[in-house]
Amino acid sequence: MMNSKNSQDIPLDHPRYESLKLRVKVVDAYKAGILADSGLIAHGRGEAFDYLLGEETSPVAKKAIETAAAILLLAEHPVISVNGNTAALVPSEVVDLARVLDAKIEINLFYRTPDRVRAVEEVLKDAGAREVLGTEENPEHIRGLESPRSRASREGVYKADVVLVPLEDGDRAEALISNGKKVVTIDLNPLSRTAKTATVTIVDNLVRAIPYLTREVEKLRRMDKSTLQDIARNFDNQQNLQDSLKLMLGSFSG
Ligand code: PTJ
């Protein structure tokens, strides 16, 4: 069987260098037990949408990121929910974002096994996370969801008013919202149920969106509460999704 390349084997001038580097990361994370096998498929779906976006953070996504930053700064208990793909691609970026927001980090896995929880916890701790929630034996549960995704740490998602849920399946976002929480998501697919349900959807690759969001939080943190509230009020998620879709459709006409 032919193995996938190491990132040092990809020539720096390869036109698809960045994309291939991410593939190596997800394959390595799969081998290390961090990523679910379905996570590889999800990544491929994301790649296709990213291709249509020109693999850039669009002005439409930047507007959603500004709003996400405002909402997260207004939160009393912000929490970042981490699955296998997020841990595989952006562990240190998640830790940086949690630091600037003073947010909790909580593991929540669709395909949950004790080994995967341990592997994701380890990658986050190696990236500098001091506390990682979501590993406890007896968590609370979010109403309206089947276990194990219903798991919610008492000091984390259960108590949160705003949850950042990068790259996930639709019914968790829906359940979090019907439990009174605001949900910020990062999903390259503007047609997904998560994208349509979330309070704010950032249609961008999480490898670009998370560091951009951290910079935006640092920029907006000096603003007063009413300015942040205005930013949040003036955002229309459905319109923003339509605008992202238009950008993607535009790429078909060259
Ligand atoms: O780690 P687990 O066990 O929690 O499992 C995680 C996966 C991703 C397998 C699970 O949540 C799943 O099956 O998700 P879906 O329903 O395939 O949705 C994944 C969504 O993420 C799709 O809409 C993709 O377009 C999008 N996506 C994939 N890669 C990225 C992405 N969005 C942003 N950035 C990416 N890098």
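Residues numbered from 1 in each chain as written. Predicted model: local features only at pLDDT ≥ 70, side-chain atom pairs only at ≥ 80, totals over all residues. Heavy atoms only, no water.

K.L.:
Any chance you could explain the site of the ligand here in plain terms?
P.N.:
Around the ligand there are 24 residues in total, and G84, F110, Y111, R116 and N205 lie nearest to it. Here Y111 contributes a backbone N or O atom positioned 2.8 Å from an oxygen atom of the ligand. The side chain of R116 places a nitrogen or oxygen atom 2.7 Å from an oxygen atom of the ligand. In isolation the ligand exposes 740 Å². Once the protein is present, 93% of that is buried. Tallying contributions element by element places helix α2 (residues 37-52) first for the shell around the ligand, with seven residues. Among the residues forming the shell around the ligand, the class breakdown is nine nonpolar, 10 polar and five charged. (Near = heavy atom within 4 Å. Polar contact = N/O pair within 3.5 Å; in protein donor to acceptor, adjacent residues only side chain to side chain. Areas by Shrake-Rupley, 256 points an atom, 1.4 Å probe, with all protein chains shown as cover. Helix = DSSP H or I, 4+ residues; strand = E, 2+ residues; numbered from the N terminus. Nonpolar A, V, L, I, M, F, W, Y, C, P; charged D, E, K, R; others polar.)

K.L.:
Teacher, can you tell me more about the sheet that holds strand β5 (residues 162-166) here?
P.N.:
Two strands in a sheet stick together by hydrogen bonds in their backbones, pointing the same way (parallel) or opposite ways (antiparallel). With parallel pairing, five strands are arranged side by side in an open sheet as β2-β1-β5-β6-β7. In the strand order of this sheet, the two ends are held by β2 (104-107) and β7 (200-202), each with one partner. Looking at each pair of strands side by side, their axes are set apart by 20° on average, direction ignored. In terms of strand pairing, strand β1 (residues 78-82) meets β2 through four bridges, oriented parallel. Bridging across to β2, S81 finds its partner in E106. (Pairing = 2+ DSSP bridges. Axes fitted to C-alpha atoms, helices over the stretch in contact; angles between N-to-C directions.)

K.L.:
How do you make sense of the pairing of β1 when you look at a structure like this?
P.N.:
On a regular strand, each side chain points to the face opposite its neighbour's, so the side chains alternate between the two faces of the sheet. Of all five residues in β1, five are buried; the element is thus mostly enclosed. Burial of β1 is two-sided: the residues P78, I80 and V82 facing one way and the residues V79 and S81 facing the other way are all buried. (Buried < 20%, exposed > 50% of the residue type's maximum accessible area, 1.4 Å probe, protein only.)

K.L.:
How do you make sense of the pairing of β5 when you look at a structure like this?
P.N.:
Counting buried positions along β5 gives five out of five residues, so the element sits mostly inside the fold. Side chains V162, L164 and P166 project from β5 onto one buried face, and the interleaved V163 and V165 project onto a second face that is buried too. Pairing between β1 and β5: three bridges, direction parallel. Paired with V79 across the strands is V163, a residue of β5. Summarising the sheet, β5 and strand β6 (residues 182-186) pair through five bridges and their orientation is parallel. Opposite L164, over in β6, you have V184 as the bridge partner. Of the crossover connections in this fold, the one passing from β5 over helix α7 (residues 170-178) to the parallel β6 is right-handed. (Right-handed = clockwise from strand over helix to strand, strands pointing away.)

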